[in-house]
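# Remarks on the overall topology
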Amino acid sequence: MEMGYGKDLYERLNLDEEELAEEERLASLIKKCPNMRVLNQIHAHILTHPNIPLSTLSFTLSKILCFAAYRNIHYARTLLSQIPYPTIFAYNTVMRGFLSQSPSPEPIFLFKKLVRKKFPMSNTFTLAFVLKCCSILPAFEEGKQVHKHVIASGLGENLFVQTSLLNFYTKCDEVELGRKVFDEMRERNVVAWSAMIGGYAKVGLVNEALELFREMQKGGVEPDEVTMVSVISACAMTGALGLGKWLHTFIGKKGIKNDLEVSTALVNMYAKCGCIEKAHEVFEAMPVKDAKAWSSMIVGFAIHGLAKEAIETFAKMEEAKVIKFTVLVYEWQAKVEPNHVTLIGVLSACAHGGLVVEGRKYWSTMLESGIEPSMEHYGCMVDLFCRANQIEEAYEFVKSMPIAPNPAIWRTMLVSCKKNKMLDKGEIVADHLLQLEPLNAENYILLSSLYASGSHWVKMSIVRRQMKEGNQGRSRLQFHRNQRPRA
DNA sequence: TTAGGGTTAG
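If you're wondering where the values come from, they're calculated on a predicted model, not measured in any experiment. Note that residues are indexed from 1 along each chain, following the sequence as it is written. Each chain is given a letter, starting from A, and each ligand a number, starting from 1, according to the order in which they appear as written. Per-residue local features of the predicted model are confined to residues with pLDDT of at least 70, and side-chain atom pairs are confined, for both listing and counting, to 80 or more; whole-chain, interface and lining totals are unaffected and use all residues. Side-chain metrics rest on all non-hydrogen atoms present in the structure, leaving aside hydrogens and water.

## Considering the pattern of salt bridges
For side chains bearing opposite charge, pairing can occur when the charged atoms are close. The criterion, for reference: Any carboxyl oxygen of Asp or Glu within 4 Å of a side-chain nitrogen of Lys or Arg constitutes a salt bridge here. By the criteria applied, helices consist of DSSP H or I runs no shorter than four residues and strands consist of E runs no shorter than two, each listed in order from the N terminus.
Enumeration over the complete set of coordinates arrives at 16 salt bridges. Residue Arg-77 is joined to Glu-106 by a salt bridge in which the shortest nitrogen-to-oxygen separation is 3.1 Å. Here Glu-106 lies in helix α7 (residues 106-117) and Arg-77 lies in helix α5 (residues 73-82), a separation of 29 residues in the sequence. Ionic pairing is found between Arg-411 and Glu-437, a salt bridge with its closest N-O pair at 2.8 Å. Of this pair, Arg-411 sits in helix α24 (residues 407-419) while Glu-437 sits in the loop between α25 (423-436) and α26 (441-453), and the two are 26 residues apart along the sequence.

And the structure:
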């Protein structure tokens, strides 16, 4: 176990002055390195120098690895295998590099390698990184294995490790397991409380989230802006306007940083709780708005049926593409680009406002801007045509979809066929729907009311009978929550 | 060499 690190240290202690000077020179070169090209040159220089002491090689390659981890993670990964005795620090740096990229299982592979080789030993950082990876993917089974290692390694009492475990379980929707970790924690800071509150809010256990927020305050732990975002979003989910307003005042009173995320959560909360004016007021007061902030406002207007306001806000978002924000002394400029959620807001606003021409226009611009339409976008378009009673257009649109329409889309069409008494089209649509969802009673109710709307009583009674038979358990007909018959 | 845990929009 002591082999690698011990040898490394031993050799370093035995370097003569000249060798130490060379090592420092290389370290300083890497520190000043302007880009990957220069780094490659230093790397090549080291590899082609046969007389370089092993410890200098290890030390310098680790330095290069640190530089590369955020710029070219695959290069850093290759470097790791070139280091004679990589320290746990080097492993951790590569794992962290992977976490800053799009989701990758590489940190799990690296962790498995560490476990297999038994050297270098994982530390609390390693465990935090691998658990973060398991929660991002998510990888439940792998995370559970890591939990076993946590216990075996004796690092299970570490606050960072425990918070990582708690977060991992809640991200995998295993809130109870997360709560178990939380309950076992000897000390809990604001991060641990926020993680648990956020975990409850995420799965919709809003009362538990709010209860924990009260408990946290009773315990004397001051909430911060991250806690507030979770609690406010819990209010948004339940429509708890009173508590939401109280939290808004609380933020001001306690001097909690009202940042981009908090304001966005407030905009969303006020909009969901029916206070669209207040949502707009908070939104207007925001000095910096990112895509999520703009989207929250647009979606807010859309769900309130305020199509004109939603579209105007979208136009402003496109005009205000460039935002400026300052980090220390550096001023950064970033483009605010509409994303898939923004477009869902815009398209549903068009649908609610009966704006077919505009909806088609935004659909085209969405495709041009490279946003891949999802099922929700297709759903908005079908809704747009159906609400405007353009059933044929809706049907043609559905037929042109490159992905198989989901039951919700067929149902939207069936409702519209019923409304417009379009029996033939309705039967075709119902056929598709019942193939996908033969056990959903709501679909039979819709179909029977389509027949009723055209006075096709015989067909209606057949559908009713099919449904009734299912209700008696013969075909395991499932009832939608809203239509479940009273016992 | 000196890194880590929690948040937001459909």
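## Describing the layout of surface pockets
Formally: Cavity means a closed set of points on a 1 Å grid over the protein atoms alone, one where a 1.4 Å probe fits but cannot get out, pocket means an open set with protein on both sides within 12 Å along at least 5 of 7 lines, and lining means a residue has an atom within 4 Å of a point. Grid points are joined across faces, edges and corners, and a volume is the space filled by probe spheres set on the points. Under this grouping Gly is polar, as are all residues other than the nonpolar Ala, Val, Leu, Ile, Met, Phe, Trp, Tyr, Cys and Pro and the charged Asp, Glu, Lys and Arg.
Counted as a void, the largest pocket has a volume near 630 Å³. Taken together, 27 residues form the lining of the largest pocket, with Lys-132, Thr-163, Ser-164, Asn-167 and Val-191 sitting closest to its centre. Listed by contribution, the elements that provide at least two residues to the lining of the largest pocket are α8 (124-136), α10 (159-171), α12 (190-202) and α14 (225-238). Looking at the lining of the largest pocket, its residues break down into 11 nonpolar, 12 polar and four charged.

## A few points about the UniProt feature "repeat: PPR" (unreviewed entry) in chain A
Under the convention used in this document: UniProt positions are given in the numbering used here, feature names are shortened, and annotations may be inferred rather than shown by experiment.
Within this structure's numbering, the places UniProt gives as "repeat: PPR" (unreviewed entry) are residues 189-223, 290-324 and 339-373. Across residues 189-223 one finds 74% helix and 0% strand; the C-alpha atoms that close the span lie 10 Å apart. As a span, residues 339-373 carries 77% helix and 0% strand, and end to end its C-alpha atoms are 10 Å apart.

## Re unusual backbone geometry
Geometrically, the link from Phe-119 to Pro-120 is a cis peptide bond, its omega value of -10 degrees lying close to zero. By secondary structure assignment, the location of Pro-120 is in the loop between α7 and α8. Note the cis peptide between Leu-137 and Pro-138, where omega equals -15 degrees. Mapped onto the elements, Pro-138 comes out in the loop between α8 and α9 (140-153). Here Lys-118, not a glycine, exhibits a phi torsion of approximately 65 degrees, which is positive. Positioned with a positive phi, Asp-173 is a non-glycine residue whose angle comes to about 60 degrees. Mapped onto the fold, Asp-173 is located in the loop between α10 and α11 (175-184).

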